[in-house]
Amino acid sequence: MELAETTILLLVIAAFVAGFIDSIAGGGGLIAIPALLVAGLPPLAALGTGKLQALFGAGMAAIAYARGGHVDLWKLAPLALVAFAGSVCGALLATILPTRLLAQVMPIALITIALYFAVKPDPGELERSARIPFIFFASAVVPVIGFYDGVFGPGAGSFYMLAYVALAGYGLLKATAHTKLLNFASNVGGFVIFAAGGSVLWGLGLMMGAAQIAGATLGARLAMKNGSKLIKPLLVITCLAMAGRLLLT
């Protein structure tokens, strides 16, 4: 599929912004995927190419947070495999599930997340006791979000973050750091299925991936420097913006 140079440039810019937003608050998919659709890509190609470029942003953000000492990627690897498996299942069903229905339900979920972080006095840096056993978090919560990421995608990072804060008792910065590897893993799961089906534009995805790396690196650095002072408002704004975007679709 041939795209004009101007269109490619705009998609690369969109990927940079998506990587920046996603590394802090999640929701980069609702920037990149609509941009790919507007550029004229078929829905499955937009999802597949979107997964490819998102791998770079989520992966770079995970590495940046690990280097900053906020997450141990090796210890988190088993949970990432669970997210991967959930995403594979979701992607396998992506062509037959009513994704339009998911798009109608999503605004309500995203507004709920925004309200949770907006009105909660201090979800910030302090950790609390987990509200559910870790085994339930790992075996039920993570694969469900991974499944959603495989079948639809946008907002998955915000869902992972909400789960870590509300259920696992993590502070916002630690939750953000742990979210990135899970988001990367579920992106890989979806990508594998879409790539196997030939629904990936490799050249475009790699160019957007390079922009994702730059955006994610900048976003992660700012998040580690500013903590919840940056993450909380951006998370609220991003969730509301995603909800508004879906309502207007």
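Our subject is the structure that appears above.
Residues numbered from 1 in each chain as written. Predicted model: local features only at pLDDT ≥ 70, side-chain atom pairs only at ≥ 80, totals over all residues. Heavy atoms only, no water.

Draft legend 1. Expanded view of the pattern of salt bridges. Counting across every chain of the model gives one salt bridge. Salt-bridge contacts for D149 lead to K51; the nearest nitrogen and oxygen are separated by 2.8 Å. Taken together, the residues D149 in helix α6 (residues 134–151) and K51 in helix α3 (residues 43–67) connect sequence positions 98 residues apart. In terms of burial, D149 and K51 fall into one category: buried. (Salt bridge = Lys/Arg side-chain N within 4 Å of Asp/Glu carboxyl O. Helix = DSSP H or I, 4+ residues; strand = E, 2+ residues; numbered from the N terminus. Buried < 20%, exposed > 50% of the residue type's maximum accessible area, 1.4 Å probe, protein only.)

Draft legend 2. Highlighting the packing of aromatic side chains. A complete count under the given rule lists four aromatic pairs for this structure. Relative to Y164, the ring of F137 has its centre 5.1 Å away and its plane inclined at 50°; by these criteria the two rings are tilted. In this pair, F137 sits in helix α6 while Y164 sits in helix α7 (residues 156–166), placing the two residues 27 residues apart along the sequence. Judged by relative accessible area, which is 4%, F137 ranks as buried. Arranged with centres 5.5 Å apart and planes meeting at 80°, the rings of Y148 and F159 form a pair that is edge-to-face. Of the two residues, Y148 is situated in helix α6 and F159 in helix α7; the sequence distance between them amounts to eleven residues. Here Y148 and F159 have matching classes, each one buried. A connected cluster of aromatic rings, assembled from ring pairs, spans F137, Y164 and Y170. (Phe/Tyr/Trp six-rings, centres within 6.5 Å; stacked < 30°, edge-to-face > 60°.)

Draft legend 3. Expanded view of the packing of helix α4 (residues 73–92) against helix α8 (residues 172–196). At their nearest, the axes of α4 and α8 sit 7 Å apart, and the two run at 35° to each other. Relative to α8, the crossing made by α4 is right-handed. Every residue of α8 that contacts α4 at L73, L76, A77, L79, A80, A83, F84, S87, V88, A91 and L92 is listed here: H178, L181, L182, A185, S186, V188, G189, G190, V192, I193 and F194. When grouped by side-chain class, the residues that make up the contact of α4 with α8 number 17 nonpolar, five polar and no charged. (Axes fitted to C-alpha atoms, helices over the stretch in contact; angles between N-to-C directions. Left-handed = near helix turned anticlockwise from the far one by under 90°. Contact = heavy atoms within 4.5 Å. Nonpolar A, V, L, I, M, F, W, Y, C, P; charged D, E, K, R; others polar.)

Draft legend 4. Structural view of the side chain of K180. For K180, the location among the structural elements is in helix α8. Of the side chains with opposite charge, D22 comes closest to the buried, unpaired K180, at an N-O distance of 4.3 Å. Those residues in contact with K180 that lie beyond four places of it in its chain are D22, S23, G26, A58, A61, A62 and Y65. (Lys, Arg positive; Asp, Glu negative; His and termini not counted.)

Draft legend 5. Highlighting the nonpolar core. With 58 residues, the main nonpolar core has L36, L41, Y65, L79, F137, Y164 and L182 as its most contacted residues. Listing elements by their share of this core, those giving two or more residues are α1 (5–25), α2 (29–38), α3, α4, α6, α7, α8 and α9 (202–226). (Core = buried A, V, L, I, M, F, W, Y, C linked by side-chain atoms within 4.5 Å.)

Draft legend 6. Quick look at the packing of α1 against α8. With their axes 8 Å apart at the nearest point, α1 and α8 run at an angle of 120° to one another. Between α1 and α8, the interaxial angle falls into the category oblique. Listed contacts from α8 to D22, S23 and I24 of α1 are T176, K180 and N183. A breakdown of the residues in the contact of α1 with α8 according to their chemical character gives one nonpolar, three polar and two charged. (Parallel < 35°, antiparallel > 145°, perpendicular 65-115°, else oblique.)

Interpretation note: all reported values are geometric properties and have no functional meaning in isolation.
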